[in-house]
Amino acid sequence: MFQQVLNYAGEYRKTTYLSIAVMLSGIIMNVLPFLFLYQLLRPLLTGEAVGPEYILARVLAIAVCGVLYAFLYVKGLSLSHNAAYHTLQNLRISLQGKLEGQPLGVIQEKGTGSLKKMFIDDVDSIELLLAHALPEGLANLAVPLFVFIAMFFVDWKLALLSLCSLPLGFVAMGAMYQAGISKMDAYYGAARKMNNTIVEYINGMEVVKVFNRDGDSYRRFEEDVRSYRDFTLDWYKVCWPWMALYNSILPCTALFTLPVGAWLVLKGFSTLPDLALVLCMSFGVGAPLLRSLSFMSTMPQLKYKIDALEHLMDAPALQQTDASFSGADYSISFEDVRFAYQEKEVLHGISFQAAPGSLTALVGESGSGKSTLAKLLVHYYDVTGGSIRIGGQRLTDMSVESLNKQISYVSQEQFLFNMSLLENIRLGKPEASDEEVMAAAVKAQCGEFLSRLPEGIHTMAGDGGKQLSGGERQRISLARAILKDAPIVVLDEATAFMDPENEEKMNEAIGEVIQGKTVVVIAHRLYSITGADQICVLDQGRLADMGTHEELLNRCEAYQKLWHAAEHSARWAVKPDALIQEGEVL
Ligand SMILES: Nc1ncnc2c1ncn2[C@@H]1O[C@H](COP(=O)(O)OP(=O)(O)O)[C@@H](O)[C@H]1O
Ligand SMILES: [Mg+2]
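Residues numbered from 1 in each chain as written. Chains lettered and ligands numbered in written order. Predicted model: local features only at pLDDT ≥ 70, side-chain atom pairs only at ≥ 80, totals over all residues. Heavy atoms only, no water.

1. Focus on a nonpolar patch on the surface
So, point 1. Together, Leu37, Leu41, Leu44, Leu45 and Leu272 make up a nonpolar patch on the protein surface, roughly 420 Å² of accessible area in all.
So, point 2. Among the elements that make up the nonpolar patch, the one with the highest residue count is helix H2 (residues 12–46) (four residues).
So, point 3. With respect to the helices, strands and loops of the structure, leucine 272 is situated in helix H10 (residues 272–294).
So, point 4. The class of leucine 272 is partly exposed, set by a relative accessible area of 39%. (Patch = residues over 30% accessible without salt bridge, like charges linked within 9 Å, V, L, I, M, F, W, Y side chains within 5 Å. Areas by Shrake-Rupley, 256 points an atom, 1.4 Å probe, with all protein chains shown as cover. Salt bridge = Lys/Arg side-chain N within 4 Å of Asp/Glu carboxyl O. Helix = DSSP H or I, 4+ residues; strand = E, 2+ residues; numbered from the N terminus. Buried < 20%, exposed > 50% of the residue type's maximum accessible area, 1.4 Å probe, protein only.)

This is the structure we're talking about:
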């Protein structure tokens, strides 16, 4: 496990080793005073005459050891922290590198919560291992070991007696873990449940309030918090007697040495000065021993976290090359494309072609796989079967970066960075001037709502764009796509959150922008795509049929169903004239 982590230490591996050495010498300084104490005691026991300078020198030495111990221990800790945080930095950088190579879709699925936990909390927990468990644990364990060996040279019988308390301590420790483990599952289960309930409670606050379910929801929240408390206390209750026992027995190496040793001295098997020396030595090692063992309990958990991090870093990377786009034109072809999220296949062999400059619409019931298809086209995921080509070149034979240059993609979920809206739009074309950005914003119907914002286009978007409504976010994303002006355009329900008035204007803008481009559009309103060159009807991950609006209306049952459903819902529209407008555009 140490090796696993130290692989990321780089040049700081040496610093880690140095910190161990420094800490080791620090702990030796902590044990030495007990030897001086013995030297002070010896004249009393043997009747040997010593002058005041003898005593003064020992007292001074003890004081110096104290100062040195403090200095070296702190120095060792600062070295180990220095090495640890640099290693964590390397770990995070390498984690980020791996993440960058992974399919964007996979990263999105993980969600910000679990990625944050991994990048921040899990990596941080390794600090305990590197800055404390490794140097402190090792140094604190090594010194008692040396001292015990030294004891054997003084008097092996007394040394053995000093070791007697250890097995007892370990028995108590083992009993504690046994007792703890039996309650562990329940404890972790309760902790998980509480976490989920709290997250749910906070995320669902809006729904809870709107539907007046405060009472219900709060009761569940309270229940889970209480059960977490009960399980935690349960866990401690079975553990604490053992914990107390081993904490008191383990460092108490004099437990047997004192009574049995005294008897040995009385019987003449050992000498009094030796007994005093061994006692002094054993007093010195109790504290370091306990400290080193306290790190043991955290090891299994750490191992678990490190393995999880490594596992993430081993996940398959997105298939791509360094080559740039070299397709013959901007045609799109899907050849028997299959795709599965985790295990479940959601696209079962989709094949179609889109000629350069044509408009292809994807329609189908919710969950039929339209968005998935769009995500595969922008290479958010690798297909699990078949292939996708642009101008004859496979997506896997070019870099994602060069693919990105060819495609403007407006996804169903809009994400804005927390920077000004101007900069958010400019992402579409980093070299664009403010005027160009503004022009794109106006085209995307942002003008009206931007003028209402206090700082206009310079307003900050808020985390993920939460300052704006869904429709407003969509318009910013569209402005970005308009500015980018890429030869292929993929729109996934780009106007779904807009009111009919804005939608009409937006569709006009879109109609203008997509002139001469290869376009794949997923439309939530069928009226807007009746003029498409071809319409692909998706049904549960299969291509049910493909053709123009008239052709499909004549022969495709799935399309007829969709069309009738659309007509039906259109009758529900509040503004009758909005319908006509919808029918006209695109
Ligand atoms: N991230 C995901 N993980 C697992 N399953 C998913 C994920 N996204 C979509 N799906 C599933 O894939 C199928 C197709 O979804 P999607 O492409 O979003 O459909 P559409 O856009 O047509 O509504 C659905 O069954 C959906 O539940
Ligand atoms: Mg969708």
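2. Some points on the site of ligand 1
So, point 1. Near ligand 1 the following residues occur: Glu109, Tyr341, Lys344, Val346, Glu365, Ser366, Gly367, Ser368, Gly369, Lys370, Ser371 and Thr372.
So, point 2. Within the backbone of glycine 367, a nitrogen or oxygen atom sits 2.7 Å from an oxygen atom of ligand 1.
So, point 3. Summarising the interface, the protein chains cover 67% of the accessible area of ligand 1, which totals 560 Å² for the free molecule.
So, point 4. Elements with a contribution of two residues or more to the shell around ligand 1: strand S2 (344–354) and helix H12 (370–377).
So, point 5. Considering only residue class, the shell around ligand 1 consists of two nonpolar, six polar and four charged. (Near = heavy atom within 4 Å. Polar contact = N/O pair within 3.5 Å; in protein donor to acceptor, adjacent residues only side chain to side chain. Nonpolar A, V, L, I, M, F, W, Y, C, P; charged D, E, K, R; others polar.)

3. Concerning the coordination of the magnesium ion (ligand 2)
So, point 1. For the magnesium ion (ligand 2), the protein coordination sphere consists of Ser371 (OG) and Gln412 (OE1), at 2.0 to 2.4 Å. Pair noted here: serine 371 is in helix H12 and glutamine 412 is in the loop between strand S6 (407–410) and helix H14 (421–426), with a separation of 41 residues, a long-range link.
So, point 2. For serine 371, a relative accessible area of 18% corresponds to the buried category. (Donors = N, O, S within 2.8 Å, 3.2 Å for Na, K, Ca; no water.)

4. Concerning the packing of aromatic side chains
So, point 1. Taken as a whole and judged by the stated rule, the model has nine aromatic pairs.
So, point 2. The interplanar angle of 10 degrees and the centroid separation of 5.7 Å between the aromatic rings of phenylalanine 325 and tyrosine 330 together place this pair among those described as stacked.
So, point 3. Accessibility expressed as a relative area gives 16% for phenylalanine 325, which makes it buried.
So, point 4. You can call tyrosine 330 partly exposed: its relative accessible area is 31%.
So, point 5. Taken together, the ring pairs connect Phe339, Tyr341 and Tyr381 into an aromatic cluster. (Phe/Tyr/Trp six-rings, centres within 6.5 Å; stacked < 30°, edge-to-face > 60°.)

5. Things to note about the nonpolar core
When a protein is soluble and globular, its nonpolar side chains tend to lie buried together.
So, point 1. Formed by 48 residues in total, the largest nonpolar core has its most connected members in Leu478, Ile529 and Tyr559.
So, point 2. Top contributing element to this core by residue count: helix H17 (residues 470–484), with six residues.
So, point 3. Contact partners of tyrosine 559, with chain neighbours within four places excluded, come to Val363, Leu526, Ile529, Ile535, Val537, His549, Leu552 and Leu553.
So, point 4. In terms of nonpolar packing, the next biggest core, distinct from the first, is built from 35 residues, Ala254, Leu275, Met281 and Val285 among them. (Core = buried A, V, L, I, M, F, W, Y, C linked by side-chain atoms within 4.5 Å. Contact = heavy atoms within 4.5 Å.)

6. Regarding the domain arrangement of the protein chain
Many structure descriptions define interface size as the accessible area lost when the parts assemble.
So, point 1. Along its sequence, the protein chain is organised into domain 1 (2–312) and domain 2 (332–581).
So, point 2. Between the C-alpha centres of domain 1 and domain 2 the distance comes to 55 Å.
So, point 3. In this assembly, domain 1 packs against domain 2 so that about 480 Å² is buried in total across both faces, 48% of it on carbon and sulfur atoms.
So, point 4. On inspection of domain 1 and its partner domain 2, the count reaches zero salt bridges.
So, point 5. The interface formed by domain 1 and domain 2 includes three residue pairs in polar contact (both at pLDDT 80 or more).
So, point 6. When grouped by side-chain class, the residues that make up the side of domain 1 that touches domain 2 number three nonpolar, two polar and one charged. (Domains from an automatic or database assignment. Buried area = accessible area lost by both parts, 1.4 Å probe.)

7. Notes on the side chain of histidine 549
So, point 1. Tracing the sequence through the fold places histidine 549 in helix H19 (residues 549–555).
So, point 2. On the accessibility criterion, histidine 549 (7% relative accessible area) is buried.
So, point 3. Setting aside residues no more than four positions away along its own chain, histidine 549 makes contact with Thr530, Ile535, Tyr559 and Trp563.

8. What to know about the side chain of asparagine 140
So, point 1. Relative to the helices and strands, asparagine 140 is located in helix H4 (residues 104–154).
So, point 2. A polar atom in the side chain of asparagine 140 sits 3.3 Å from the side chain of tyrosine 73.
So, point 3. Leaving out residues up to four positions away in the same chain, asparagine 140 has contacts with Ile27, Tyr73, Pro288, Leu289, Arg291 and Ser292.

9. Remarks on helix H9 (residues 254–267)
So, point 1. Over its 14 residues, H9 runs 19 Å from end to end, which matches the ideal 20 Å to within 8%, given 1.5 Å per residue.
So, point 2. Helix geometry: H9 is bent most strongly at valine 260, by close to 25 degrees.
So, point 3. Of all the residues in H9, the buried ones are Ala254, Thr257, Gly261, Leu264 and Val265.
So, point 4. On its buried side, H9 packs onto helix H5 (156–163) and H10.
So, point 5. Immediately beyond the C-terminal end of H9, within one or two residues, lies glycine 268, with a positive phi of roughly 85 degrees. (Expected span 1.5 Å × (residues − 1). Bend = angle between axes of the 7 residues up to and from the residue.)

10. Quick look at the confidence of the model for the protein chain
So, point 1. When pLDDT is averaged along the protein chain, the result is 86, and 94% of the positions lie at 70 or above.
So, point 2. For residues 574–586, every residue scores under 50 in pLDDT, and the model assigns this stretch 21 contacts once sequence neighbours within four places are set aside. (pLDDT = per-residue confidence, 0-100.)

11. Brief notes about the environment of leucine 145
So, point 1. Secondary-structure assignment places leucine 145 in helix H4.
So, point 2. Each C-alpha atom, one on leucine 145 and one on valine 285, is 8.7 Å from the other, the two residues being 140 residues apart in sequence.

12. Things to note about the pairing of strand S8 (residues 518–522)
So, point 1. For S8, a buried count of five out of five residues is recorded, marking the element as mostly surrounded by other parts of the structure.
So, point 2. The two faces of S8 match: Thr518, Val520 and Ile522 on one face and Val519 and Val521 on the other face are all buried.
So, point 3. Sheet topology note: the strand S3 (residues 359–364)/S8 ladder contains four bridges and is parallel. Considered in S8, the bridge of threonine 360 is made with valine 520.
So, point 4. Alignment of strand S7 (residues 488–492) against S8, held across five bridges, turns out to be parallel. Opposite valine 490, over in S8, you have valine 520 as the bridge partner.
So, point 5. Note that the unit made of S7, helix H18 (residues 500–513) and S8 has a crossover that is right-handed. (Pairing = 2+ DSSP bridges. Right-handed = clockwise from strand over helix to strand, strands pointing away.)

13. A word on the pattern of salt bridges
Should their charged atoms come close, side chains of opposite charge can pair.
So, point 1. Throughout the structure, instances matching the rule amount to 15 salt bridges.
So, point 2. Here arginine 92 and aspartate 124 are joined by a salt bridge, their closest N and O atoms 3.2 Å apart. Of this pair, arginine 92 sits in helix H3 (residues 52–101) while aspartate 124 is found in helix H4, placing the two residues 32 residues apart along the sequence.
So, point 3. For arginine 92, a relative accessible area of 24% gives the class partly exposed.

14. Comments concerning the pairing of strand S1 (residues 332–341)
So, point 1. Note that S1 and S2 share eight bridges and pair antiparallel. Its bridge partner being in S2, valine 337 is matched across the sheet by isoleucine 350.
So, point 2. What sits between the antiparallel neighbours S1 and S2 is a turn of two residues, in which glutamine 342 has the positive phi angle 45 degrees.
So, point 3. As paired strands, S1 and strand S4 (residues 385–390) are joined by five bridges and run antiparallel to one another. Residue pairing across strands places isoleucine 332 opposite isoleucine 390, the latter belonging to S4.

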